[in-house]
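For reference, the chains in residue letters:
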Amino acid sequence: MSEDVELKALRWRCRRGMRELDQLLERWLDRCWAASSDAERETFRRLLATEDDKLWRAFLGHERLDDDETQALVERIAAVAR
């Protein structure tokens, strides 16, 4: 899959049931994806597979994700938003 096609697919997957999540995920995609390592990109793909409620609670700090890598990425995404 070409980079451009993958970015479009990821952008679509960033669209969630919550505008706040959309904005957090899309902002990270726009600002950080290009400079991310392959490992971080794979972690972002896994993060997108997380259900909205759990993901939102993780961004609010009310719940930790089971995977330490995805939890660390949530924290980095939240930092980009500030």
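Scroll up to find the structure.
This write-up is about the structure you can find in this document. None of these values were measured; they are calculated from a predicted model.

1. Overview of the overall build of the protein chain
Then comes step 1: Looking only at helices and strands, the protein chain has 5 helices and 0 strands in total.
Then comes step 2: Taken from N to C terminus, the helices and strands of the protein chain fall in the order α-α-α-α-α.
Then comes step 3: In terms of overall dimensions, the protein chain is globule-like: its C-alpha atoms have a radius of gyration of 12 Å, near the 12 Å expected for 82 residues.
Then comes step 4: The buried share among the 82 residues of the protein chain stands at 37%.
Then comes step 5: Pairs at least 24 residues apart make up 51% of the contacts formed inside the protein chain by residues separated by at least 6 positions.
Then comes step 6: As displayed, the protein chain offers around 5200 Å² of accessible surface, 47% of which is attributable to carbon and sulfur atoms.
Then comes step 7: For the protein chain, the centre of its 16 positive side-chain charges and the centre of its 19 negative side-chain charges are spaced 4 Å apart.

2. Focus on the side chain of Thr50
Then comes step 1: As for its position among the elements, Thr50 is in the loop between helix H3 (38–48) and helix H4 (52–60).
Then comes step 2: In this structure, Thr50 is in contact with Arg16, Leu55 and Leu65, ignoring residues within four places of it in sequence.

3. With respect to the pattern of salt bridges
Then comes step 1: Using the criterion set out here, one finds 13 salt bridges in the structure.
Then comes step 2: A salt bridge links Asp52 to Arg16, with the nearest nitrogen and oxygen atoms 2.6 Å apart. Highlighted residues: Asp52 in helix H4 and Arg16 in the loop between helix H1 (3–14) and helix H2 (19–32), separated in sequence by 36 residues.
Then comes step 3: On the accessibility criterion, Asp52 (23% relative accessible area) is partly exposed.
Then comes step 4: Residue Arg64 is joined to Asp68 by a salt bridge in which the shortest nitrogen-to-oxygen separation is 3.6 Å.
Then comes step 5: Within the structure, one salt-bridge network assembled from shared partners comprises Glu6, Glu42 and Arg45.

Basis of the calculations
Residues numbered from 1 in each chain as written. Predicted model: local features only at pLDDT ≥ 70, side-chain atom pairs only at ≥ 80, totals over all residues. Heavy atoms only, no water. Helix = DSSP H or I, 4+ residues; strand = E, 2+ residues; numbered from the N terminus. Rg over C-alpha atoms; globule rule 2.2 N^0.38 Å. Buried < 20%, exposed > 50% of the residue type's maximum accessible area, 1.4 Å probe, protein only. Contact = heavy atoms within 4.5 Å. Areas by Shrake-Rupley, 256 points an atom, 1.4 Å probe, with all protein chains shown as cover. Lys, Arg positive; Asp, Glu negative; His and termini not counted. Charge placed at Lys NZ, Arg CZ, Asp CG, Glu CD. Salt bridge = Lys/Arg side-chain N within 4 Å of Asp/Glu carboxyl O.

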